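What follows is each chain in one-letter form.
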Amino acid sequence: MKKSLKTKITKEKILKAAVEEFGTYGYEGASVNRICEKHGISKGLIYHNFESRDNLYLCCAEEAVNKFINFMSGKDFSADVNLYMKERYKFFEENPFCSKLIFGIILTDNKDFSEQILKIKDKFDSFNKGLYINTVESLNLRNGVSKEDAVKYYSLMQNMLNSYLSVENNSDGNFDFAVSNHEKALAKLLDFMLYGIAREKEEKKQ
């Protein structure tokens, strides 16, 4: 076996074990020693392939986001927000370790390496914003509402939602409840933004 292939397989094995560990116990509770004991991986091998515990965590967070993007890519949601949320929920349900990692970077304010986390979070947010833009482009927007307006409003409301639920999560510590709240709130938010909250008799002609 070529050395490059062996190294790739080794890193994938470590990353898979670490995703399970960080996805189970979170950043604070995860243990490199437990990864070694549970998966038969030496600590020396881990630190030969990853610079530090923090580097390993960041790689796990990015792996989780990449897995989400790969799962959602290529699906045709058109303007069906319910289908989009259904597929999101399906991914998070089938990949609980990735779910906790992703929401860990969305709902947890970790100042130890905020710049690196922000890059990973931006990758996740940008992908979801792209799907939202596709939905907006398939709709007949109200008079006076531009695509740019709709996208700016989405970003504003998404950031406000994450900030609100981040505070709520840090106050009660119930992470699973915070995740559930986030997805329910996001589904309502998207529905309100795209289809409104009031029935109008008829769009006024200009």
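As the structure is a computational prediction, the values presented were derived from the model and not from experiment.

Let us look at the packing of helix 4 (residues 53-72) against helix 6 (residues 96-107). Running from N to C, helix 4 and helix 6 cross one another at 110 degrees; their axes reach a closest spacing of 9 Å. In terms of axis orientation, helix 4 runs roughly perpendicular to helix 6. Residues Tyr57, Cys60, Ala61, Ala64, Val65, Lys67 and Phe68 of helix 4 touch helix 6, and the partners they reach there are Cys98, Leu101, Ile102 and Ile105. The class makeup of the residues in the contact of helix 4 with helix 6 is 10 nonpolar, no polar and 1 charged.

The nonpolar side chains of soluble globular proteins are, as a tendency, buried together. In this structure, Phe22, Leu56, Phe68, Ile102 and Leu190 are the most contacted members of the largest nonpolar core, which totals 54 residues. Looking at this core, the elements that each hand over two or more residues are helix 1 (3-29), helix 2 (32-39), helix 4, helix 5 (81-94), helix 6, helix 7 (114-137), helix 8 (147-172) and helix 9 (175-195). In terms of residues, this core owes the most to one element, helix 4, which gives 10 residues. Contact partners of Ile102, with chain neighbours within four places excluded, come to Ala64, Val65, Phe68, Phe91, Phe92 and Phe124.

Close approach of charged atoms allows side chains of opposite charge to pair. The full count for this structure, using the stated rule, is 8 salt bridges. The residue Glu20 makes a salt bridge to Lys38 at a minimum N-O spacing of 2.6 Å. Taken as a pair, Glu20 in helix 1 and Lys38 in helix 2 lie far apart in primary sequence, 18 residues in all. By relative accessible area, Lys38 is classed as exposed at 56%.

Bringing the confidence of the model for the protein chain into the picture now. Detail in the predicted coordinates should be disregarded across regions flagged by low pLDDT. Residues at a pLDDT of 70 or more form 84% of the protein chain, whose mean pLDDT is 84. Element-level pLDDT for the protein chain is lowest in helix 8, with a mean of 74, against a maximum mean of 96 in helix 2.

Further remarks concern the packing of helix 1 against helix 4. For the pair helix 1 and helix 4, the least separation of the axes is 9 Å and the interaxial angle reads 100 degrees. If you check the angle between helix 1 and helix 4, you find them roughly perpendicular. Contacts from Ile14, Leu15, Ala18, Val19, Phe22, Tyr27 and Glu28 in helix 1 reach Arg53, Asp54, Leu56, Tyr57, Cys59, Cys60 and Glu63 in helix 4. Grouping the amino acids of the contact of helix 1 with helix 4 by side-chain chemistry returns 10 nonpolar, no polar and 4 charged.

Let's shift gears to the packing of aromatic side chains. Considering all chains together, one arrives at 11 aromatic pairs under this definition. Aromatic side chains Phe68 and Phe124 sit 5.0 Å apart centroid to centroid with 50 degrees between the ring planes, which places their arrangement in the tilted category. Of this pair, Phe68 sits in helix 4 while Phe124 is found in helix 7, placing the two residues 56 residues apart along the sequence. Of the two residues examined, Phe68 and Phe124, each falls in the buried class.

A few words on helix 2. Along helix 2, the residues classified as buried are Val32, Ile35 and Cys36. The buried residues of helix 2 occupy one face: seen down the axis, they fall within an arc of 95 degrees. Pointing more than 90 degrees away from the buried face of helix 2 are the exposed residues Glu37 and Lys38. Contact partners of the buried residues in helix 2: helix 1, helix 3 (43-49) and helix 4. Following helix 2 by one or two positions, Gly40 adopts a phi angle in the positive range, close to 65 degrees.

Rules used throughout
- Residues numbered from 1 in each chain as written.
- Predicted model: local features only at pLDDT ≥ 70, side-chain atom pairs only at ≥ 80, totals over all residues.
- Heavy atoms only, no water.
- Axes fitted to C-alpha atoms, helices over the stretch in contact; angles between N-to-C directions.
- Helix = DSSP H or I, 4+ residues; strand = E, 2+ residues; numbered from the N terminus.
- Parallel < 35°, antiparallel > 145°, perpendicular 65-115°, else oblique.
- Contact = heavy atoms within 4.5 Å.
- Nonpolar A, V, L, I, M, F, W, Y, C, P; charged D, E, K, R; others polar.
- Core = buried A, V, L, I, M, F, W, Y, C linked by side-chain atoms within 4.5 Å.
- Buried < 20%, exposed > 50% of the residue type's maximum accessible area, 1.4 Å probe, protein only.
- Salt bridge = Lys/Arg side-chain N within 4 Å of Asp/Glu carboxyl O.
- pLDDT = per-residue confidence, 0-100.
- Phe/Tyr/Trp six-rings, centres within 6.5 Å; stacked < 30°, edge-to-face > 60°.
- Arc of directions from axis to C-beta.

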